[in-house]
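Summary of structural features
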Amino acid sequence: RELLRMFMFPTHGARDFYKTLAARFLLTVGSSMISNYMLYILQDYLHLDQDGAQRMLSINSSITLAIGLVCCLARVEIGRPKILTVITACMIAVGAIVPFLFPTPAGLIAFSVIVGIGNGANSSLIQTISVEVLPNPNAVAKDLGFLNLANTLGGVGGSFAAAMVINTVGYGGVFVGEAVVVLVAAVLFRSIRRVR
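Note that the structure is predicted; figures quoted are calculated from it, not measured.

Within the protein, the secondary structure is distributed over 8 helices and 0 strands. The linear arrangement of helices and strands in the protein, starting from the amino end, is α-α-α-α-α-α-α-α. A compact globule built from 196 residues would reach a C-alpha radius of gyration of about 16 Å, and the protein, at 18 Å, matches this within 12%. By principal-axis analysis of the C-alpha atoms, the protein measures approximately 55 × 35 × 25 Å. Scored against the burial criterion, the 196 residues of the protein give a buried share of 42%.

In this structure the tally under the stated criterion is 4 aromatic pairs. Ring geometry for F17 and Y18: centres 5.1 Å apart, planes at 85 degrees, overall edge-to-face. With relative accessibility at 32%, the residue Y18 sits in the partly exposed group. A connected cluster of aromatic rings, assembled from ring pairs, spans Y45, F111 and F175.

Attention now goes to helix α3 (residues 38-45). What α3 keeps buried is the set M38, I41, L42 and Y45. Angularly, the buried residues of α3 cover 110 degrees about the axis, an arc narrow enough to put them on a single face. Backbone geometry just after α3 places H47 at a positive phi near 60 degrees.

If you want to describe how two helices pack, look at the angle between their axes and the distance between the axes. Closest axis-to-axis distance for the helix α2 (residues 15-35)/helix α8 (residues 172-190) pair is 8 Å, and the angle between their directions is 165 degrees. The angle between α2 and α8 places the two elements in the roughly antiparallel class. Crossing of α2 over α8 shows left-handed handedness. Contacts from K19, T20, A22, A23, R24, L26, L27, V29, G30, S31, M33 and I34 of α2 reach α8 at V174, F175, G177, E178, V181, V182, V184, A185, L188 and F189. Classifying every residue of the contact of α2 with α8 by side-chain character gives 15 nonpolar, 4 polar and 3 charged.

This brings us to the environment of L48. Note on placement: L48 falls in the loop between α3 and α4 (50-73). The sequence separation of L48 and V182 amounts to 134 residues, and the corresponding C-alpha distance is 27 Å. Leaving out residues up to four positions away in the same chain, L48 has contacts with L42, Q43, A53, M56 and P105.

Core analysis: the biggest nonpolar cluster contains 38 residues, and I41, L108, F111, F175 and F189 have the highest contact counts within it. Of all the elements, α8 adds the most residues to this core, at 8 residues. Excluding residues that lie within four positions of it along the chain, L108 makes contacts with M38, L42, L46, M56, N60, P99 and F175. In terms of nonpolar packing, the next biggest core, distinct from the first, is built from 7 residues, A14, F146, L147 and A150 among them.

So, on to the environment of L69. Structurally, the position occupied by L69 is in helix α4. Linking L69 and G120, residues 51 residues apart in sequence, is a C-alpha distance of 8.3 Å.

Confidence in the prediction of the protein, expressed as mean pLDDT, is 86, and 91% of residues score 70 or more. Mean pLDDT across the secondary structure elements of the protein bottoms out at helix α1 (residues 2-6), with 63, and peaks at α8, with 95.

Cut-offs and rules
Residues numbered from 1 in each chain as written. Predicted model: local features only at pLDDT ≥ 70, side-chain atom pairs only at ≥ 80, totals over all residues. Heavy atoms only, no water. Helix = DSSP H or I, 4+ residues; strand = E, 2+ residues; numbered from the N terminus. Rg over C-alpha atoms; globule rule 2.2 N^0.38 Å. Buried < 20%, exposed > 50% of the residue type's maximum accessible area, 1.4 Å probe, protein only. Phe/Tyr/Trp six-rings, centres within 6.5 Å; stacked < 30°, edge-to-face > 60°. Arc of directions from axis to C-beta. Axes fitted to C-alpha atoms, helices over the stretch in contact; angles between N-to-C directions. Parallel < 35°, antiparallel > 145°, perpendicular 65-115°, else oblique. Left-handed = near helix turned anticlockwise from the far one by under 90°. Contact = heavy atoms within 4.5 Å. Nonpolar A, V, L, I, M, F, W, Y, C, P; charged D, E, K, R; others polar. Core = buried A, V, L, I, M, F, W, Y, C linked by side-chain atoms within 4.5 Å. pLDDT = per-residue confidence, 0-100.

So this is what it looks like as C-alpha cells:
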C-alpha cells in the first residue's frame, strides 16, 4: 500500500498542480518542436548548406548558453511569478513568430535571443510556481518528481508534434506551432489561483 501511494498522483486540492503540470509540458513541447529539428530547419527552411548550417548551430548554441548563464546568475526577488511567467511565455511566442515572418539567418538569431531570454527567465519562475502549487506538504519530493516528468514527456511530445506539423505544412509551421502551444501554456499559468 505504501509503495502504491508513492506512485499515486495527488487528488485533493490539486487543480493548480495539474494546471502547472500541463503548462510545463506545453512549454517543453513548444521548445522541443524547434530544437529537435533545428538542423533540418536550417537546411530545408533557411536553405543553408552544411557549413552554413553548422556555423548557425554554433551561433545559436552560444547565444543560448550565454543567455542561460546570465539568467541563472541574475538572481532577483520574484514578487509576482505568475504574471512574469505569463509575460515571458508571451515573449517566447513572439520570438517564435520572427523566423516564420523572416526566414533568414538574422531572423533565427533574433529568435534565439528573444526565446533564450524568455526561457531563461522562465526557468526560475516556473520552479517558484511549482513549489507553491504542491498540494501535500508531506509529499513534496514525489509531487515535484511528477512535475519534472513534464520536461521528459514534453521533449518526446515535441518531436511528434513537430513531425505532424512539418508533414502537413512544412518547416515554417513549427514556429507557429511553438507560438500557439506556448500561448496555451501562458493561459494555464494565468488561471492558477494559488500563486500571485
